[in-house]
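In case you want the letters, here they are:
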Number of protein chains: 2
Amino acid sequence: MSLSIQADAAAALSSSLATGQRTIHAHDLTYSLLPPLTAGCPRTSNADISYPLEVSYDYAAVGSELRQALFDRRHLPDDILSWAPLLPPLDSRLGLGIGGTPLVDVSAAFRSNAPVLVKDESRNPTWSHKDRLNLCTVSAAALSGAPGVVVASSGNHGASAAALSARVGLPCIVVMSPGAPALAESFVGAYGATVLSVPRDARWGVVKDIVDKLGFHPVSNQTTTHTGHPFGPEGYKTIAYELYIQLGHRLPGAVFVPTGYGELLYGVWKGFEELRLLGVVDSVPSLYACEIGSRAVLATALAQHRPAVTVDFTPTDAYSLATTTGGYRSTHVMNHTTGRVIGVDDPDLVRAQDDLSGQGIWQELSGVASVAGLRTALQQGDTFDGPIVCVCTSTGLKDKNALRYEAIESAPDWDTLSDLLRRQGLTVA
Amino acid sequence: MSLSIQADAAAALSSSLATGQRTIHAHDLTYSLLPPLTAGCPRTSNADISYPLEVSYDYAAVGSELRQALFDRRHLPDDILSWAPLLPPLDSRLGLGIGGTPLVDVSAAFRSNAPVLVKDESRNPTWSHKDRLNLCTVSAAALSGAPGVVVASSGNHGASAAALSARVGLPCIVVMSPGAPALAESFVGAYGATVLSVPRDARWGVVKDIVDKLGFHPVSNQTTTHTGHPFGPEGYKTIAYELYIQLGHRLPGAVFVPTGYGELLYGVWKGFEELRLLGVVDSVPSLYACEIGSRAVLATALAQHRPAVTVDFTPTDAYSLATTTGGYRSTHVMNHTTGRVIGVDDPDLVRAQDDLSGQGIWQELSGVASVAGLRTALQQGDTFDGPIVCVCTSTGLKDKNALRYEAIESAPDWDTLSDLLRRQGLTVA
């Protein structure tokens, strides 16, 4: 097995299925699959831009029998471990029931020409999409013989890494910064991780020290522009596989994806692209990258025809998307899809939270960027040839503003209560 | 369709499948299925003890074709709506992907002669088992034409009722008490419910006023000893159906269930009992009711040969189990199973939380009573003829002590960091 990297080619291919390898791009550089390099391509990256590594597969080695066994099934598998033939090497102890998340119809909240469906990633073991990523990255740590896992994260990523590390018996250090939500710190600590809080600018140096001096395996980004762990998007690509099955072996008309670094976006795109390369479908759906509009990390890179850029800080409560640094993966996706980038800001996100709450789904502010993006697209007149999927990434319980609703204290007598209920807009005779 | 009640018979039967009705007990009293009575049986209840109503079915009307379609399937359905033939009338708008929760192997945390599996109910739409109950109770409200839903709850039940009410367009009033966790208040409010905080002792009167004066449909208990909503356990019984499928069409050796009022316990028991009545299996597994030991609501009732008792208050952080009032359903179950009641207290629950955290699962303190109970049973020498299932009900994010872990602040230099990591027990050369 091997790992390939192309400076401009997220679509590089080799195989975890066979010894054969196929590469299709100019900058073919191949590295060992285990232990994987975790700080981008050392040959093509430079001081301004870092290029990610991708796991590549020999799709030609996927016979029709395997293809049918994987993609013709009528039911979602109950764990993404069952996609192992198209994933990097996995630690089978991580069978927590990751993935297999529901697709919930929320059309009633939208005026759209097509059904609107939420892919509810809060239904994972640590209640976010990050479990898909960490299944692959923590497997890499365990199978590489690393003595531990280290991650810089202010929330979902750290908790998921801590949970999965605990399950394979590896110590985990999570590097956070002052100002993280108290619940996020405790969430991570609950799984037995060592939770450090260091000044924000020092986080990357601390991760590097722990990698260099302790040999811990890093599962978050370590580069100037984002590259992340090469196994990360592999977990996310199973979302595309699942959608194909959940939609009755059809492609969605469009997929809206909350986008910060672009790992999730890239993973979803790669999954669809693989379906196409394997001959399961003949096209890739439109992908809509929904990012923080005031920062416009991805839109700026595309406008400037650059692989990735760093932008100025602007305030936002959507902490899971609050990056000032983009990555090459997201520009690559947008150059290979008919979708587009949509900027959304906190008021749009709050509105989207309310849209979903009315449908019985409470999501973290960052997690509804997809829904906010869809609303914008609909307002701008976009139409869709098939079901619209909004990937929603995490529970509202983790929201920075999770405490924004409070009970109304009341005396229990009916006069007081009925007045109060009337003021709440309820019909009281 | 009809609803039956027996003073001593939780196992009464009639049908939502056919017009026929079969009743098997001395105190056969039948009431209309819609709108259901929601305050127990008005004829058999008295000032000391309230008797619940149960939905009864004509199991003889379930043909082999339907039985096979329901129980021979190899994959869990992705929504418990698919069990509709064995459930009360449901509102199909509530397709949020309720149920279908994973069964996670946590054997590594125990010394047991049989595998230990967690049924992780935190993977429901509002991250607790309560969604199963409220699918049925909120359906009752909607299909009865009620103008709204009211519930007394300090957390999971209220949030779930609020979410599902929002989805069917019904206003929801949740009655809480001072001292509820701030996150619980906000969790409920996020779904647009009206959240009232009234003095603890006044809660039931407030619910009654809202029922009587506004005609809202109550989905929580209204009686002296617990009866709850007659449709509630119907949702929970799908856990038994799912376990049968997930275990490869076999029964577990034992099921451990967190027990407060006993609705969940009863529901799980009823599901297995129905499998037996339908001829799918020929016995019912041992059920272990795991309750707060210092209160011993259920153990006391059994010791005194009474249908239900009220006990003195004792402190516990396990607020979802913290009842001083039992119900007839749980004594009925314990008189019809080979399992037993196990008392667990806060230190046992904290230990059980840690057991599961080491396996990548973080649960609310109340939600791990099952795991704490299993540990006690194992210490007392119990052995099991088959897989042991612990039903775990909700995410640690909702824990009253959810903030008990904090990050360790540190300067970022390696000397400081390495000292700190050493003190945390990590190996630093």
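None of the values given here were measured: they were computed from a predicted structure.

Each value, and the rule that gives it
Residues numbered from 1 in each chain as written. Chains lettered and ligands numbered in written order. Predicted model: local features only at pLDDT ≥ 70, side-chain atom pairs only at ≥ 80, totals over all residues. Heavy atoms only, no water. Helix = DSSP H or I, 4+ residues; strand = E, 2+ residues; numbered from the N terminus. Buried < 20%, exposed > 50% of the residue type's maximum accessible area, 1.4 Å probe, protein only. Contact = heavy atoms within 4.5 Å. Least-squares fit on C-alpha atoms with pLDDT ≥ 70 in both. Core = buried A, V, L, I, M, F, W, Y, C linked by side-chain atoms within 4.5 Å. UniProt positions renumbered as here; feature names shortened; annotations may be inferred. Domains from an automatic or database assignment. Buried area = accessible area lost by both parts, 1.4 Å probe. Salt bridge = Lys/Arg side-chain N within 4 Å of Asp/Glu carboxyl O. Polar contact = N/O pair within 3.5 Å; in protein donor to acceptor, adjacent residues only side chain to side chain. Nonpolar A, V, L, I, M, F, W, Y, C, P; charged D, E, K, R; others polar. Phe/Tyr/Trp six-rings, centres within 6.5 Å; stacked < 30°, edge-to-face > 60°. Lys NZ or Arg CZ within 6 Å of the ring centre and 35° of its normal.

A. Looking closely at the overall build of chain A. Counting its regular elements, chain A contains 12 helices and 14 strands. With the C-alpha coordinates of chain A rotated into their principal frame, the extents come out at 75 × 50 × 45 Å. Across the 429 residues of chain A, 66% fall into the buried class. Expressed as a percentage of contacts within chain A between residues at least 6 apart in sequence, the contacts between residues at least 24 apart total 70%.

B. Local environment of the relation of the copies chain B and chain A. Least-squares fitting of chain B to chain A yields an RMSD of 0.0 Å, with the transformation described by 0.0 Å of translation along the axis and a rotation of 180°. Taken together, these values place the two copies in the relation of a two-fold axis. Among all residues of chain B, the one whose C-alpha sits closest to the rotation axis is R123 of chain B, at a distance of 2.5 Å.

C. Representation of the nonpolar core in the model. Counting 222 residues, the largest nonpolar core has F71, F256 and F384 of chain A together with F71, F256 and F384 of chain B as its most contacted members. Non-local contacts of F71 of chain B, meaning those with residues more than four positions away in its chain, are made with W83, L86, Y241, Y244, I245, H249, L275, L278 and V280 of chain B. Counting residues in hydrophobic clusters, the runner-up holds 19 residues, among them A152, L196 and V211 of chain A together with L417 of chain B.

D. Layout of the environment of T325 of chain B. Residues and elements named next belong to chain B. Mapped onto the elements of the fold, T325 is located in the loop between α8 (297-303) and α9 (328-334). Here T325 falls in the buried class, since its relative accessible area comes to 16%. Along the sequence, T325 and S410 sit 85 residues apart, while their C-alpha atoms lie 48 Å from each other.

E. Local environment of the UniProt feature "domain: Tryptophan synthase beta chain-like PALP" (unreviewed entry) in chain A. Per the UniProt annotation, the sites labelled "domain: Tryptophan synthase beta chain-like PALP" (unreviewed entry) are residues 96-393 of chain A. Helix makes up 38% of residues 96-393 of chain A and strand 15%, whereas the separation of the span's terminal C-alpha atoms amounts to 18 Å.

F. Representation of the domain arrangement of chain A in the model. Residues and elements named next belong to chain A. One can read the domain layout of chain A as domain 1 (103-126 + 231-398) and domain 2 (130-218). If you average the C-alpha positions of domain 1 and of domain 2, the two centres end up 25 Å apart. Counting residues at the interface gives 21 residues for domain 1, matched by 17 residues for domain 2. Both sides of the domain 1 and domain 2 interface together cover about 1,500 Å² of buried area, and 55% of this is carbon and sulfur. Seen at the junction of domain 1 and domain 2, the total is 2 salt bridges. Residue R132 is joined to E242 by a salt bridge in which the shortest nitrogen-to-oxygen separation is 2.9 Å. The interface formed by domain 1 and domain 2 contains 7 residue pairs in polar contact (both at pLDDT 80 or more). Looking at which element gives the most residues to the side of domain 1 that touches domain 2, the answer is helix α6 (residues 232-246), with 7 residues. For the side of domain 1 that touches domain 2, a count of residues per class yields 7 nonpolar, 7 polar and 7 charged.

G. Quick look at the packing of aromatic side chains. Residue and element names in this part refer to chain A. Scanning the model with the defined rule gives 28 aromatic pairs over all chains in all. Ring centres 4.3 Å apart and planes at 15° place the aromatic pair F256 and Y288 in the stacked group. Here the residue F256 occupies a position in strand β10 (residues 254-258), and Y288 occupies one in strand β11 (residues 286-292), the gap between them amounting to 32 residues. Grouping residues by exposure puts F256 and Y288 together as buried. Both rings, one in Y288 and one in F384, keep their centres 5.8 Å apart while their planes meet at 65°; by these two values the pair is edge-to-face. Highlighted residues: Y288 in strand β11 and F384 in the loop between α11 (369-379) and β13 (388-392), separated in sequence by 96 residues. In this structure, Y288 and F384 share a single accessibility class: buried. Taken together, F71, W83, Y241 and Y244 form an aromatic cluster joined through their ring pairs. Above the ring of Y266, the side-chain terminus of R329 is found at 5.5 Å from the ring centroid.

H. Inspection of the pattern of salt bridges at higher detail. On inspection of all chains with the given rule, the structure shows 32 salt bridges over all chains. D354 of chain A is the salt-bridge partner of R404 of chain A, the closest N and O atoms lying 3.8 Å from each other. With R404 of chain A in the loop between β13 and β14 (408-409) and D354 of chain A in helix α10 (residues 346-357), the pair connects residues that are 50 residues apart, well separated along the chain. In this structure R404 of chain A comes out as partly exposed when scored by relative accessible area, which is 37%. On the basis of relative accessibility, which here comes to 38%, the residue D354 of chain A falls in the partly exposed class. Here E242 of chain B makes a salt bridge to K119 of chain B, at a shortest N to O gap of 2.7 Å. Separated by 123 residues along the polypeptide, E242 of chain B in helix α6 (residues 232-246) and K119 of chain B in strand β5 (residues 116-120) bring together distant segments of the chain.

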